[in-house]
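Fold and geometry: a report
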Amino acid sequence: MPIKVLVVDDSATVRQLISKMLSSDPDIEVVGTAQDPYIARDKILELKPDVITLDIEMPRMDGITFLKILMEQHPLPVIVISSLTQTGSAVALEALRVGAVDVMAKPSGSFSMGDVAPQLIDKIKGAVLAKRRARQNISAPPMMSDGHTHPPQSLAIPKSVPKIPVVKKFDPRATLLLGASTGGTEALREILVKLPSDIPPTFIVQHIPAHFSKAFAERLNALCHFEVREAREGDIGKPGLVLIAPGDYHLTLQWTGTAYRVCLKHGPLVWHQRPAVDVLFDSAAHAGAAPKAVAGVLTGMGRDGADGLLKLKKEGAHTFAQDEASSVVYGMPRACAELGAAERIVALDQMHTHIVASVGKHII
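As the structure is a prediction and not an experimental result, all values here were calculated from the model.

This part is about the overall build of the protein. From N to C terminus, the protein includes eleven helices and 14 strands. Counting all 364 residues of the protein, 56% fall into the buried class. Of all intrachain contacts in the protein linking residues separated by at least 6 positions in sequence, the fraction that spans at least 24 positions is 76%. On the protein, roughly 14,900 Å² of surface is accessible, and the fraction owed to carbon and sulfur atoms is 54%.

In this section: the environment of Val-101. Following the sequence through the fold, Val-101 ends up in the loop between helix 4 (86-98) and strand 5 (102-105). When the C-alpha atoms of Val-101 and Ala-130 are compared, they prove to be 7.1 Å apart, with 29 residues separating the residues in sequence. Sequence-distant contacts of Val-101, that is, excluding residues within four places in its chain, are made with Pro-77, Val-78, Leu-96, Ala-127, Ala-130, Thr-182 and Gly-183.

In this section: helix 9 (residues 306-314). Each full turn of the α-helix corresponds to 3.6 residues, which orients residues three or four apart in the same direction. Taken as a whole, helix 9 has its buried residues at Ala-306, Gly-308, Leu-309, Leu-310 and Leu-312. Where the residues of helix 9 are buried, they touch strand 6 (175-180), helix 8 (277-286), strand 12 (293-297), strand 13 (318-322) and helix 10 (332-339).

On to the nonpolar core, then. Of all hydrophobic cores here, the largest spans 60 residues; its most connected members are Ile-52 and Ile-355. Apart from the residues within four sequence positions on either side, Ile-52 is in contact with Leu-6, Val-8, Ile-44, Leu-70, Leu-76, Pro-77, Val-78 and Ile-79. If you look at the next biggest cluster of nonpolar residues, it comprises 34 residues, including Val-277, Ala-295, Ala-341 and Ala-342.

One key point about sheets: their strands pair by backbone hydrogen bonds, in either a parallel or an antiparallel sense. Here five strands make up an open sheet; going across it, the order is 2-1-3-4-5 and the pairing parallel. This sheet does not close on itself; its edge strands, each paired only once, are strand 2 (28-34) and strand 5. Pairwise comparison of adjacent strand axes, ignoring direction, gives a mean angle of 25° for this sheet. In this sheet, strand 2 lies alongside strand 1 (residues 3-8) in parallel orientation, the contact comprising six bridges. Along strand 2, the bridge assignment pairs Leu-6 with Gly-32. Those strands touched by helix 1 (residues 12-23) are strand 1, strand 2, strand 3 (51-55) and strand 4 (78-82), and its axis lies near 170° from that of strand 2.

The subject of this paragraph is the environment of Ala-217. Here Ala-217 shows up in helix 7 (residues 212-223). Residue classification places Ala-217 among the buried residues on the basis of a relative accessible area of 1%. A sequence separation of 14 residues divides Ala-217 from Ala-231, and the C-alpha atoms of the two residues are 9.2 Å apart. Not counting the four nearest positions on each side in its chain, Ala-217 is found in contact with Val-228, Arg-229, Glu-230 and Ile-244.

Aromatic ring pairs are defined here through the distance separating the ring centres and the angle between the ring planes. Going through the model one piece at a time under the given rule, you end up with two aromatic pairs. Considering the side-chain rings of Phe-203 and Tyr-260, the 6.5 Å spacing of their centres and the 85° angle between planes classify their relative orientation as edge-to-face. Of this pair, Phe-203 sits in strand 7 (residues 202-206) while Tyr-260 sits in strand 11 (residues 260-265); the two residues are 57 residues apart in sequence, bridging distant segments of the chain. In this pair, the class of Phe-203 matches that of Tyr-260, namely buried. Every member of this aromatic cluster is reached through a ring pair, and the members are Phe-203, Trp-255 and Tyr-260. Residue placement shows Arg-173 over the ring face of Trp-255; its charged tip is 4.0 Å from the ring centre.

Together, Val-128, Leu-129 and Met-301 make up an exposed nonpolar region whose accessible area comes to about 240 Å². Relative to the helices and strands, Val-128 resides in helix 5 (residues 113-129). By relative accessible area, which is 38% here, Val-128 ends up partly exposed.

Quick notes on the rules
- Residues numbered from 1 in each chain as written.
- Predicted model: local features only at pLDDT ≥ 70, side-chain atom pairs only at ≥ 80, totals over all residues.
- Heavy atoms only, no water.
- Helix = DSSP H or I, 4+ residues; strand = E, 2+ residues; numbered from the N terminus.
- Buried < 20%, exposed > 50% of the residue type's maximum accessible area, 1.4 Å probe, protein only.
- Contact = heavy atoms within 4.5 Å.
- Areas by Shrake-Rupley, 256 points an atom, 1.4 Å probe, with all protein chains shown as cover.
- Core = buried A, V, L, I, M, F, W, Y, C linked by side-chain atoms within 4.5 Å.
- Pairing = 2+ DSSP bridges.
- Axes fitted to C-alpha atoms, helices over the stretch in contact; angles between N-to-C directions.
- Phe/Tyr/Trp six-rings, centres within 6.5 Å; stacked < 30°, edge-to-face > 60°.
- Lys NZ or Arg CZ within 6 Å of the ring centre and 35° of its normal.
- Patch = residues over 30% accessible without salt bridge, like charges linked within 9 Å, V, L, I, M, F, W, Y side chains within 5 Å.
- Salt bridge = Lys/Arg side-chain N within 4 Å of Asp/Glu carboxyl O.

Below, the structure is given as structure tokens:
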């Protein structure tokens, strides 16, 4: 049976465009559309969709409030569609925190279906496989008032925690490499906030649209005891610094003789993704990082990262993948496990401990 999708957006043009994109795949059926959460509520009960695409800037009730109500009262996989603004990006990340499965940029007349449709279709198919995350301290108001509601105060990025200087000295070649997709923004947050400041140069690829990666890095930076920021061309890796691949750019590493330098490129999509985990891992192997590298693949749809992780493993890296029970989507980690690319399979709540022990072997 096809995947039943409900499209929720206040723009008739966007509803029509998303419906047209999804209808191009025979495995997906758009069963209905809604212009606001109140209409969506009735159509959810009537049409029983498998997945919802949700705008987060709508009249009568904002998408975050509706998402909280939905997760409490009628949980369904939700793909958030958000505008490419700093505010839109921050709100989209909040939506992921409160239960959305994935996020993508809102299509417009400047987008071609060939550019956006394959990614949206992949996200819909991944959402069907997603497991509901346990959410704590997220309260939802009853869906009664017809008045407009406002995003919660938690949307504001908190003041950054103090950055603690790195005391331990790592081998110059030591590095931590992580890749993730669906469910990865929250998985990475859970891992990184538990890590000490004493970490080697760290490079992360999270499948995320352009513009969203900057807000994602800023939110992590506010929560961690080390610096986290979006990578820039020519950045030099150093202990206590985490660099996030910018959306729509592949992140590659080059060895300068004393440190790793970031090179960003707008190359072809790999596994329908840019940035792609395999591109980072492959470049790290070419840069000679493997013998001193710790590399892991987290939750996500597809198999991006598996080939690169195997290459790193064969060249001496310590490799791991997230276990099935804690993965929102057990696609990328499964591919790593089946390929024999992961030396260890690690639960999310144990990953920070595993990483600390692994990178600790490269302290000099």
